[in-house]
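# Working through the structure, step by step
For reference, the chains in residue letters:
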Amino acid sequence: MAPMIYTLYGFAIFFFVFWCSMWILHCIAIFYGKYRLHKKVKPFSADEPYPGVTILKPLMGVDPHLVSNLETFFTMNYPMYEILFCIEDEKDPAINVVRALIEKYPKVSADVFIGGSTVGVNPKINNMNKAYEAASYDLILISDSGIRMKEDTLLDMVNHMSEKTGLVHQMPFTCDRNGFAATLEKIYFGTAQARIYLSADFVRVNCHTGMSALMRRPVLEEQGGLKMFGCYLAEDFFIAKCFLDRGWKTAICSQPALQNSGICDVSSFQARLNRWAKLRIAMLPLVIFFEPLTECMVIGAAAAWATSILFLWEPIAFYLIHILVWFLCDWILLCIVQNGTLPFNKFDFIVGWLFRECTGPYLFILAVLNPKIK
Ligand SMILES: CCCCCCCC/C=C\CCCCCCCC(=O)N[C@@H](CO)[C@H](O)/C=C/CCCCCCCCCCCCC
Ligand SMILES: O=c1ccn([C@@H]2O[C@H](COP(=O)(O)OP(=O)(O)O[C@H]3OC[C@@H](O)[C@H](O)[C@H]3O)[C@@H](O)[C@H]2O)c(=O)[nH]1
């Protein structure tokens, strides 16, 4: 009997400690987010020598927002940069879109690389490698097709590239768009993911998502170039690991990444989260045990049980209060990440938040049960 009681109490103490740590993460994310995000960008000064930046833009297909998203790269306020568009399929309609923009902005240095080169299993790296090898500058910005830039985003990223920093990335977030799927995406990136992303950056744990990342080319070259990461599907994680292993710091910049893909529906969003979960599981198998416990509904239930054993607290009341306080912390964090008026009302937030919190653990279980990545 005694070993069973010890095991029971052991689990109860573990869940209670984990639950307390989650509140520490909430606090870190809120305070660090407030301190770190949306800082005024040091204005561009014509006398200062700014480093040149090569922007690699891997494209595949056209969506309704592509033209306006790409256009934001031609209108940035930065003195020296080039945009290298990478398109694998010579019949891809994105080629015409890009050519039209290059014609419209003749003053911006830009080129198109068609065909890619097979250097590994990662199609994004295969697509970018030719352009990477032709890059003119020592700072490389890898920027996914759905990203939008403000006029000063590149300047903000370069300003964060201090002497010891080798890689500056943008925390994933979204543009304001209409519809439930857009609300859901904004809620996920501004709450559950922002909490871990900001906390990880605070304690300098590798949590890099490669949709918008500025990096030093000489460091990549020491490793053998971008092609060396073609063997990984989660190239972003291994690129950041390479910088950290070589003693460089990685940092988030103050502006979150504005994802604005023209394809925005619940099933493709969930498929993407499912794929990312598979990548995390493949890279850090311990995630299988710990990640579900970072979910509000799961850790709340576990802590309600634990406190009913340890302190004889009423579990239902505990669970409901837990969900309410978590919900309020998420609202505060989302407002900090958004830094302005949200494009939905509080009722939409409640519905979107509940949907995300209830489906999150389910999507994770699906990823564990079918870990094959397409
Ligand atoms: C010893 C292992 C402990 C693991 C704890 C795991 C807890 C993770 C909980 C939630 C994950 C939320 C998602 C974070 C953003 C990652 C987005 C993503 O999946 N991106 C992939 C696709 O671009 C990319 O390839 C993967 C990047 C690395 C992900 C690594 C995640 C680990 C994060 C650990 C954070 C610990 C924070 C500790 C703070 C005190
Ligand atoms: O076959 C492909 C697929 C995708 N891509 C490009 O790769 C970029 C990202 O692709 P997707 O939108 O499919 O994928 P995600 O938004 O999920 O990517 C994100 O998560 C996985 C990471 O490894 C990526 O670095 C990150 O960008 C886009 O710019 C896309 O055009 C290719 O160039 N070729």
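Residues numbered from 1 in each chain as written. Chains lettered and ligands numbered in written order. Predicted model: local features only at pLDDT ≥ 70, side-chain atom pairs only at ≥ 80, totals over all residues.

## Topic: the sheet that holds strand β7 (residues 172–174)
Judged by pairing direction, the sheet is mixed, and its 3 strands sit side by side in the order β5-β10-β7 without closing on themselves. Each end of this open sheet is capped by a strand with a single partner; those strands are β5 (147–148) and β7. When β5 meets strand β10 (residues 257–259), the two strands line up antiparallel, connected through 2 bridges. Pairing of Arg148 across the sheet is with Leu258, part of β10. (Pairing = 2+ DSSP bridges. Helix = DSSP H or I, 4+ residues; strand = E, 2+ residues; numbered from the N terminus.)

## Considerations on the site of ligand 2
The environment of ligand 2 is made up of 15 residues, and the closest members are Pro58, Pro123, Asn127, Asp144 and Gly210. For the shell around ligand 2, the secondary structure elements donating two or more residues are β1 (53–59), α4 (123–133) and α9 (235–245). (Near = placed C-beta within 6 Å.)

## A word on the site of ligand 1
Contacts to ligand 1 come from 24 residues, most closely from Ser199, Ala234, Trp276, Leu286 and Phe290. Listed by contribution, the elements that provide at least two residues to the shell around ligand 1 are α7 (192–202), α9, α10 (266–283) and α11 (287–290). Of all the elements, α7 adds the most residues to the shell around ligand 1, at 5 residues. Its residues assigned to classes, the shell around ligand 1 comprises 15 nonpolar, 6 polar and 3 charged. (Nonpolar A, V, L, I, M, F, W, Y, C, P; charged D, E, K, R; others polar.)

## A word on helix α1 (residues 2–36)
For α1, with 35 residues, the first-to-last C-alpha span of 50 Å sits near the 51 Å given by 1.5 Å per residue. Turning to α1, its buried residues are Phe15, His26, Ala29 and Gly33. Packing partners of the buried residues in α1 comprise α7, α12 (296–310) and α13 (315–338). Following α1 by one or two positions, His38 has its phi on the positive side, about 55°. (Expected span 1.5 Å × (residues − 1). Buried ≥ 20, exposed ≤ 12 C-beta atoms within 10 Å, placed from the backbone. Contact = placed C-beta atoms within 7 Å.)

## Some thoughts on the UniProt feature "transmembrane region" (unreviewed entry) in the chain
The sites that UniProt annotates as "transmembrane region" (unreviewed entry) are residues 6–32, 281–304 and 316–337. The annotated region residues 6–32 carries 100% helix and 0% strand content, and the separation between its end C-alpha atoms amounts to 38 Å. (UniProt positions renumbered as here; feature names shortened; annotations may be inferred.)

## Re the domain arrangement of the chain
Under the domain assignment, the chain is made up of domain 1 (2–36 + 273–369) and domain 2 (53–170 + 211–264). Listed as interface residues are 4 residues of domain 1 and, on the opposing side, 6 residues of domain 2. (Domains from an automatic or database assignment.)

## Some words on the packing of helix α2 (residues 66–74) against helix α3 (residues 94–104)
The N-to-C vectors of α2 and α3 enclose an angle of 40°; their axes lie 10 Å apart at closest approach. Taken together, the axis directions place α2 and α3 in an arrangement best described as oblique. The handedness of the crossing between α2 and α3 is right-handed. The segment α2 lies against α3, with Leu66, Val67, Leu70, Glu71 and Phe74 engaging Ala94, Val97, Val98 and Leu101. Residue classes in the contact of α2 with α3 are distributed as 8 nonpolar, no polar and 1 charged. (Axes fitted to C-alpha atoms, helices over the stretch in contact; angles between N-to-C directions. Parallel < 35°, antiparallel > 145°, perpendicular 65-115°, else oblique. Left-handed = near helix turned anticlockwise from the far one by under 90°.)

## Concerning α2
In an α-helix, one turn spans 3.6 residues, which is why side chains three or four residues apart end up on the same side. What α2 keeps buried is the set Leu66, Asn69, Leu70 and Phe73. The arc enclosing the buried residues of α2, seen along the axis, measures out at 90°, which places them on a common side. On its buried side, α2 packs onto β1, β2 (81–87), α3 and β5. (Arc of directions from axis to C-beta.)

## Points about the environment of Glu151
Tracing the chain through its elements places Glu151 in the loop between β5 and α5 (153–159). Note: C-alpha distance between Glu151 and Tyr78 (73 residues apart in sequence) is 8.1 Å. Filtering out sequence-adjacent residues up to four positions away, Glu151 remains in contact with Thr75, Met76 and Asn77.

## A closer look at the pairing of strand β3 (residues 109–114)
Here β2 runs beside β3; their pairing, made up of 6 bridges, is parallel. Each bridged residue has a counterpart across the sheet, and for Ile87 the counterpart in β3 is Ile114. For the crossover from β2 across α3 to β3, the handedness is right-handed. (Right-handed = clockwise from strand over helix to strand, strands pointing away.)

## Some words on the pairing of strand β4 (residues 139–143)
Of all 5 residues making up β4, 5 are buried, and the element is well covered by its neighbours. The pairing of β1 with β4 spans 4 bridges and is parallel. The partner of Ile55 across the bridge, within β4, is Leu141. Note that β4 and strand β8 (residues 212–216) share 5 bridges and pair antiparallel. Bridge pairing links Ile140 to Met215 in β8.

## Quick look at the sheet that holds β1
Backbone-to-backbone hydrogen bonds pair the strands of a sheet. The strands run either parallel or antiparallel. Sheet architecture is open: 7 strands sit in the order β3-β2-β1-β4-β8-β6-β9, paired in mixed fashion. Each of the sheet's edge strands pairs with one partner strand only, and the pair in question is β3 and β9 (249–252). In this sheet, neighbouring strand axes are inclined to one another by 20° on average, regardless of whether the strands run parallel or antiparallel. Together, β1, β2, β3 and β4 form the strand contacts of α4, whose direction differs from that of β1 by roughly 145°.

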